[in-house]
Amino acid sequence: MVTGSRDAQVLDAVRASGRASVADLAVRLTLAEATVRRSLGRLAADGRIIRTYGGAVVADHPPASPGDDPQAAAKRAVG
């Protein structure tokens, strides 16, 4: 299976219920838990899901770019 299509399957499975555990995804998709963890890591890095302890939840909104921090000015002032 190609990594991109595997990640899409994992993402679809998480979206179907709003949240999923690594073990549940592994059984549902007939993948090794390590494979599911790697897919979840890539999806989390892309901002498509949020990793939780033992699983993942659907991200509520697209990820903000690093320059979109609304408190950036206050942080610079403190620093």
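Residues numbered from 1 in each chain as written. Predicted model: local features only at pLDDT ≥ 70, side-chain atom pairs only at ≥ 80, totals over all residues. Heavy atoms only, no water.

1. Quick look at the overall build of the chain
- Within the chain, the regular secondary structure consists of four helices and three strands.
- Beginning at the N terminus, the succession of helices and strands in the chain can be written as α-β-α-α-β-β-α.
- When each of the 79 residues of the chain is scored for burial, the buried share is 30%.
- When contacts within the chain are restricted to residue pairs at least 6 apart in sequence, those whose partners lie at least 24 apart make up 42%. (Helix = DSSP H or I, 4+ residues; strand = E, 2+ residues; numbered from the N terminus. Buried < 20%, exposed > 50% of the residue type's maximum accessible area, 1.4 Å probe, protein only. Contact = heavy atoms within 4.5 Å.)

2. A word on the pairing of strand β3 (residues 55-58)
- In terms of strand pairing, strand β1 (residues 19-21) meets β3 through three bridges, oriented antiparallel. In the sheet register, Ser21 faces β3, and the bridge partner there is Gly55.
- Strand direction decides the pairing type here: strand β2 (residues 49-52) and β3, joined by four bridges, are antiparallel. In the sheet register, Ile50 faces β3, and the bridge partner there is Val57.
- In textbook terms, the turn of a hairpin is the stretch between consecutive antiparallel strands, and for β2 and β3 this stretch comprises two residues, one of which, Gly54, has a positive phi near 85°. (Pairing = 2+ DSSP bridges.)

3. Here we look at the nonpolar core
- In this structure, Val10, Val14, Leu25, Val36, Leu40 and Ile49 are the most contacted members of the largest nonpolar core, which totals 15 residues.
- Put simply, the parts of the chain that give this core at least two residues each are α1 (3-17), α2 (22-29) and α3 (33-45).
- Setting aside anything within four residues of it in sequence, one finds Leu40 in contact with Val10, Val14, Val22, Leu25, Ile49, Arg51, Gly55 and Ala56. (Core = buried A, V, L, I, M, F, W, Y, C linked by side-chain atoms within 4.5 Å.)

4. Some thoughts on unusual backbone geometry
- Even without a glycine there, the phi angle at Thr30 is positive, about 50°.
- Tracing the backbone through its elements, the reader meets Thr30 in the loop between α2 and α3.
- Residue class for Thr30 comes out exposed when judged on its relative accessible area of 71%.

5. Looking at the environment of Arg48
- When you line up the elements, Arg48 lands in the loop between α3 and β2.
- With a relative accessible area of 40%, Arg48 lands in the partly exposed category.
- Separated by 33 residues in the primary sequence, Arg48 and Arg15 have C-alpha atoms spaced 9.9 Å apart.
- Sequence-distant contacts of Arg48, that is, excluding residues within four places in its chain, are made with Leu11, Leu43 and Ala59.

6. Quick notes on the packing of α2 against α3
- Running from N to C, α2 and α3 point in directions that differ by 110°, and their axes come no closer than 9 Å. The angle between α2 and α3 places the two elements in the roughly perpendicular class. As α2 packs across α3, the resulting crossing turns out to be right-handed. Along its contact with α2, which presents Val22, Ala23, Leu25 and Ala26, the element α3 presents Glu33, Val36, Arg37 and Leu40.
- Looking at the contact of α2 with α3 residue by residue, the classes come out as six nonpolar, no polar and two charged. (Axes fitted to C-alpha atoms, helices over the stretch in contact; angles between N-to-C directions. Parallel < 35°, antiparallel > 145°, perpendicular 65-115°, else oblique. Left-handed = near helix turned anticlockwise from the far one by under 90°. Nonpolar A, V, L, I, M, F, W, Y, C, P; charged D, E, K, R; others polar.)

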